[in-house]
Amino acid sequence: MNEYLTREIWKMRKTIKHEDGTPIVSLVKVENKNYQLLFTSCGCENACTFCNYGFDYNLTLEMVKPELEKIDLKEFDIAELELEANGSFLSEREIPYDLFLEILHYVSHKDIPIITIETHYNTITEKKIQDIRRILGDEQNIYFELGFESADKDVRDIYNKDIDLTQYLEVTKLCDKYGIGLQINVLLGAPFLTREEQIQDCLDSLDFIYENMPKNTYAVLFPINIKKKTMLKHWEDIGIYEQISSWEFVELLHRIPEKYLDKLTIAWWGTRENSFSKDITQHPRTCEKCKERLIKFYVDFYCNWDVSYRKKMIEEIWASRCECDKK
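Parameters at a glance
- Residues numbered from 1 in each chain as written.
- Predicted model: local features only at pLDDT ≥ 70, side-chain atom pairs only at ≥ 80, totals over all residues.
- Heavy atoms only, no water.
- Core = buried A, V, L, I, M, F, W, Y, C linked by side-chain atoms within 4.5 Å.
- Buried < 20%, exposed > 50% of the residue type's maximum accessible area, 1.4 Å probe, protein only.
- Contact = heavy atoms within 4.5 Å.
- Salt bridge = Lys/Arg side-chain N within 4 Å of Asp/Glu carboxyl O.
- Helix = DSSP H or I, 4+ residues; strand = E, 2+ residues; numbered from the N terminus.
- Phe/Tyr/Trp six-rings, centres within 6.5 Å; stacked < 30°, edge-to-face > 60°.
- Polar contact = N/O pair within 3.5 Å; in protein donor to acceptor, adjacent residues only side chain to side chain.

Overview of the nonpolar core
- Of all hydrophobic cores here, the largest spans 113 residues; its most connected members are Leu37, Phe39, Leu81, Phe144, Leu221 and Ile256.
- Residues in contact with phenylalanine 39, not counting those within four places in the same chain, are Ile24, Val25, Leu59, Val64, Leu68, Glu84, Ala85, Asn86, Phe89, Ile95 and Ile103.

The structure is reproduced here in structure tokens:
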């Protein structure tokens, strides 16, 4: 990571404090039957330019267990449950190991079809995977959601994203060995690139993922959201970065090869909030004429995986794109 960027980003994050009443753990509905079990941890140890996963609670088993027991997962119709912290769920700095094991026991045997764990690739070890399988069982459908953002090192450097590609690919093989699927995050809207370069970067990254990672890997496409207390927000404030149009995200979807359309999903398209993002996020740019139509499209796309249906949806909305889309 860039030393200057890392230092400045950590300074920003240290000014972020949770509001009184911010829950230690909360169950958050994402969309459809997908939920997050969100732990408000001490903050990410990495320093990406677009993230503000700052410094909140220092979690302990004694602190979290009573709050966790107040949430009865069986009261909810859950298709996928995402385990998340303020950064990496498998980071022992954020989620101590005894707490990690307790959470696994808590979600086990709840008849949840898919359990997804969001974490940084360098927090994954064979021992942790073995403990996950031991507690959740060999039949449980499990995914790791991993930040990747771009296959291009120069773009990752803009994001201050520290990834060793060789090591990253070895981790994907280790996950595959234990039957753990992968959801790989790809980010649209890199600073200092043109719109065309931003879109092409995502397309190239999808090619890299599907050519080099296990065959059951999914990509998760994110349009950049500008969050307060981030370097991205600072760059916007001084006039060297502009919030992307939501229509750029639609254009990306329009240009993705049809063969990939059932191998990806989308996130953070303009409605999502949780206990550490509420009221501090600028979503991709729209106007009042097209906002509702775009949100409906994104939700429909997210909830339906049929390739022909997705292709038709994309073609229809792209053909009727709004005049607010500035290229």
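The discussion continues.
So, the pattern of salt bridges
- The final tally for this structure, using the stated rule, is 20 salt bridges.
- For lysine 233, the salt bridge is made with glutamate 236, and the minimal N-O distance between the two is 3.0 Å. Of this pair, lysine 233 and glutamate 236 both sit in helix α8 (residues 231–237), three residues apart, which is roughly one turn of the helix. Across this residue pair, the class does not change: lysine 233 and glutamate 236 are buried.
- Residues glutamate 242 and arginine 285 are paired through a salt bridge, measuring 3.9 Å at the closest nitrogen-oxygen approach. Of this pair, glutamate 242 sits in the loop between α8 and α9 (246–255) while arginine 285 sits in the loop between β10 (281–282) and α10 (291–303), and the two are 43 residues apart along the sequence.
- For glutamate 242, a relative accessible area of 58% puts it in the exposed group.
- Taken together, the shared-partner salt bridges in this structure form one network comprising Arg195, Glu196, Glu251, Arg255 and Asp325.

Describing the environment of glutamate 118
- The topology assignment puts glutamate 118 in strand β4 (residues 114–119).
- Overall, the relative accessible area of 15% leaves glutamate 118 in the buried class.
- Not counting residues up to four positions away in its chain, the partners in contact with glutamate 118 are Leu83, Glu84, Gly87, Ser88, Phe89, Glu145 and Asn185.

Notes on the side chain of glutamate 31
- Residue position: glutamate 31 is located in strand β1 (residues 25–31).
- Ignoring any residue separated from it by four or fewer positions in sequence, one finds glutamate 31 in contact with Trp269, Val299, Tyr302 and Cys303.

A closer look at the packing of aromatic side chains
- A full pass over the atoms with the stated rule returns 17 aromatic pairs.
- Where phenylalanine 39 meets phenylalanine 89, the ring centres are 5.9 Å apart and the plane angle is 50°; that geometry is what we call tilted. On the criterion of sequence distance, the pair formed by phenylalanine 39 in strand β2 (residues 34–39) and phenylalanine 89 in the loop between β3 (80–84) and α3 (97–107) is long-range, its members being 50 residues apart.
- When its relative accessible area of 0% is taken as the criterion, phenylalanine 39 is described as buried.
- Feature note: the residues Phe249, Trp269, Phe297, Tyr298, Phe301 and Tyr302 constitute an aromatic cluster, connected by ring pairs.

Section: the environment of tyrosine 159
- Note that tyrosine 159 resides in the loop between α5 (153–158) and α6 (165–177).
- Measuring from C-alpha to C-alpha, the distance between tyrosine 159 and arginine 310 comes to 30 Å, with 151 residues separating the pair along the chain.
- Discounting residues that sit within four places of it in the chain, tyrosine 159 has contacts with Ala47, Cys48, Thr49, Phe50, Glu149, Leu187, Gly189, Ala190, Pro191 and Ile224.

So, α9
- By the criterion of burial, α9 is predominantly enclosed, with eight of the ten residues buried.
- Buried residues along α9 sit in contact with β6 (181–188), α7 (195–212), β7 (218–223), β9 (264–266), α10 and α11 (307–319).
- At the N-terminal boundary of α9, the capping side chain belongs to serine 245, with an oxygen 3.0 Å from the backbone nitrogen of tryptophan 247.

That is the geometry; function is a separate question.
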